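# Fold and geometry: a report
So the chains spell out like this:
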Amino acid sequence: MSEVGSRVEGASSTCPGTLKEPMSVRVRYAPSPTGSPHVGNIRTALFCHLFARRHQGVMMLRIEDTDRSRYVPGCEEEIEESIAWIHIDWQEGPDKGGPHAPYRQSERAEKGIYAQWADQLLAAGHAYKAFDTSAELEEMREFQQINKQPIGYFGGKWRDASPDEVEAAESAGMRPVIRLKMPRGKMLVVQDAIRGRVEFRSDDVDDPVLIKADGMPTYHFAAMVDDHLMETTHIIRGEEWISSAPKHVWLFEAFGWEPPIFVHVPVIKGKDGSKLSKRHGDTRCLDFRSAGYLPEALANFIALIGWSPGGDREIMTIREMEESFSLEGLQPSPGVFDSDKLKWMNGHYVRQIDPSKLLSVVREFWSHPETQSYWKDRTPVEGEADPTQVRTGLDALCHAPEEYALACLKLEQERVTTLADFGPACLFFLVDEPEMDTKAVDKWFGQAHVPALLEAFIKLCQAAGDSASPETCEAWVREYAASAGLEKLGPVVHPLRVALTGKTAGPGLFELMSVLGPGRMLRRLRRAQGLLITA
Ligand code: GLU
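Residues numbered from 1 in each chain as written. Predicted model: local features only at pLDDT ≥ 70, side-chain atom pairs only at ≥ 80, totals over all residues. Heavy atoms only, no water.

### Remarks on the overall build of the protein chain
- Summing up its helical and strand segments, the protein chain has 22 helices and 12 strands in all.
- Taking 2.2 N^0.38 as the reference for a compact globule, 535 residues should give roughly 24 Å; the C-alpha atoms of the protein chain span a radius of gyration of 32 Å, well beyond that estimate.
- Projected onto its principal axes, the C-alpha coordinates of the protein chain cover approximately 110 × 50 × 40 Å.
- Summarising the internal contacts of the protein chain: among those between residues at least 6 apart in sequence, 76% fall at separations of at least 24.
- Here the protein chain displays about 24300 Å² of accessible surface, and carbon together with sulfur accounts for 51% of that area.
- Charged side chains of the protein chain number 61 positive and 78 negative; the gap between the two group centres comes to 3 Å. (Helix = DSSP H or I, 4+ residues; strand = E, 2+ residues; numbered from the N terminus. Rg over C-alpha atoms; globule rule 2.2 N^0.38 Å. Contact = heavy atoms within 4.5 Å. Areas by Shrake-Rupley, 256 points an atom, 1.4 Å probe, with all protein chains shown as cover. Lys, Arg positive; Asp, Glu negative; His and termini not counted. Charge placed at Lys NZ, Arg CZ, Asp CG, Glu CD.)

Right, dumping it as structure tokens:
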């Protein structure tokens, strides 16, 4: 269908976001349950939430499920779970009820809500019955394609059919669709809070179906009737709907209703400039949860794609965003999904977790069935946590004694970016024989001073009893370096770290030695002795 029309943007500059204040704001998030909600959908929902909160208004959740052929069972539940996960709060919806219930369009259709309005448009001559068969529609389309005409239903033979023709078709048992009679020769104006005034030539807009042959309303019709009945003040939705907006404003005009303010939020692109898709990595909202992102971080991150709070503020809690959200801060240009920035932000929020809650947060994350299936059989991706290490590490963390597991987590809290990263990061603490970095072994375990060093630390551990504080471990290292005549700590610290952790990087050596404790250190030092490279 010719959805694009020809639009003349910014034809006159009305103040963006013309808010007729004071206004009791009512916004709706109106997803179709046709697939898992992805970050773009969730951002729209978040903007609805922020805007409603900012103006002490109401956010509705409306399920647009009239297209039964695209209906995906379980999707509505996933939509609710996703938006609730990032702390979006709606006051009216299928699960909550409200003054305009039901909020599921299939139920509204059953109640006959849309049919009466379609009848009204028919009676007023703003809509008409069209009896085209699918073969005829296909033929029309082919003709338009061949002749390079705009594709769509611009009237066919039914727009101006006589009442007799319509009656004849009906008595022949043909089932019509009801189409909106778009005006001709008119300029249709969409007031968009981000773009200002956007004009469309009505001649470029085809006549959309309002009611299908089976009696079900289409999206265009059900959504606009509901926006009127539910007293929506602002339609906040993705930019992909702007080409449908002239149909929507015309519906309002045909009914004599005052249209809401449109807010078409720009698309989200990948870093390469193309539309965000699976190619760029995860896009499904709940996959971010499974990957180990925190809802606070995801909400903060996606809100800033296309919205600027002013200044250079980046880290904002949902409450802070509610306080400073404004339509004027929405950007008309596409937002970019920068996964490195999301990681950075998530790391920030991971570090904010109260240490007393850290263990339960990580265990809850790992015990979620979706997290488990996300990481099961996952192919390793360069630059991402290794799935096998995530699974082994997190399994071990969940089975380790609480005090030990928490001590390990605390040491890594500063260093990880996602909850999943705790698996690989803590793994060396949790397995008896950590995997050894062969390069590090080659570099250090052939050096002449290392055998004596290992021996000395074995003795220290044997004499230490059950525990050794970080200060004690530091004293061991310093004293050993001094007694061995080493000017710098490096020749002690590096081989010791490799012997104890298998790696060259990690948390502070004295802290990790203390967490491991003399018993574990002893076993690891002995194992390292077996790996010494002798000439
Ligand atoms: N049901 C439409 C969707 O799935 C919503 C469009 C609108 O908000 O008007 O995206």
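Moving on, there is more to tell.
### Things to note about the packing of helix 20 (residues 470–483) against helix 22 (residues 509–530)
- Between helix 20 and helix 22, the shortest axis-to-axis distance is 8 Å and the interhelical angle comes to 85 degrees. Between helix 20 and helix 22, the crossing angle belongs to the class labelled roughly perpendicular. Packed against helix 20, whose contacting residues are P470, C473, E474, W476 and V477, the element helix 22 presents F510, E511, M513, S514 and M521 at the interface.
- For the contact of helix 20 with helix 22, a count of residues per class yields seven nonpolar, one polar and two charged. (Axes fitted to C-alpha atoms, helices over the stretch in contact; angles between N-to-C directions. Parallel < 35°, antiparallel > 145°, perpendicular 65-115°, else oblique. Nonpolar A, V, L, I, M, F, W, Y, C, P; charged D, E, K, R; others polar.)

### Digging into the layout of surface pockets
- Counted as a void, the largest pocket has a volume near 1200 Å³.
- If you trace the largest pocket, you find 47 residues lining it, with S32, T34, N41, E240 and W241 closest to the centre.
- At the level of elements, strand 2 (26–29), helix 1 (39–54), helix 2 (75–85), helix 7 (219–229) and strand 9 (234–238) are the ones that each hand at least two residues to the lining of the largest pocket.
- Here the lining of the largest pocket gets five residues from one element, more than from any other, and that element is helix 1.
- Considering only residue class, the lining of the largest pocket consists of 19 nonpolar, 16 polar and 12 charged.
- Taken as a whole, the second largest pocket spans an internal volume of roughly 460 Å³.
- Every residue lining the second largest pocket is counted, 25 residues in all, and those nearest its centre are D282, Y293, K343, Y374 and E384.
- Looking at which element gives the most residues to the lining of the second largest pocket, the answer is helix 12 (residues 339–352), with three residues.
- Tallied by class, residues from the lining of the second largest pocket come to 12 nonpolar, seven polar and six charged. (1 Å grid on protein atoms, 1.4 Å probe; cavity = no way out; pocket = protein on both sides within 12 Å on 5 of 7 lines; lining within 4 Å. Points joined across faces, edges and corners; volume = space filled by probe spheres on them.)

### Regarding the packing of aromatic side chains
- By the definition in use, this model includes 18 aromatic pairs.
- Seen in terms of ring centroids, W117 and W257 are 5.2 Å apart; in terms of plane orientation they differ by 75 degrees. Their pairing is edge-to-face. Residue W117 is located in helix 4 (residues 113–123), and its partner W257 is located in the loop between helix 8 (245–255) and strand 10 (261–265); the two are separated by 140 residues in the primary sequence. W257 carries the same exposure label as W117, and that label is buried.
- Where Y374 meets W375, the ring centres are 5.2 Å apart and the plane angle is 75 degrees; that geometry is what we call edge-to-face. (Phe/Tyr/Trp six-rings, centres within 6.5 Å; stacked < 30°, edge-to-face > 60°. Buried < 20%, exposed > 50% of the residue type's maximum accessible area, 1.4 Å probe, protein only.)

### Things to note about the environment of A448
- Mapped onto the secondary structure, A448 falls in the loop between helix 18 (438–444) and helix 19 (450–464).
- Counting along the chain gives 197 residues from A448 to L251, while the straight-line C-alpha distance between them is 85 Å.

### Examining the sheet that holds strand 4 (residues 127–130)
- Ordered in space as 4-5-8, the three strands form an open sheet in which the pairing is antiparallel. Whereas interior strands pair on both sides, the edge strands pair on one side only; in this sheet they are strand 4 and strand 8 (209–211). Along the sheet, successive strands turn relative to each other by an average axial angle of 45 degrees, direction set aside.
- One ladder, built from two bridges, connects strand 5 (residues 177–180) with strand 8; its direction is antiparallel. Looking at strand 8, one finds that I178 is bridged to I211. (Pairing = 2+ DSSP bridges.)

Fair warning: the whole summary comes from geometry, so function is off the table for now.
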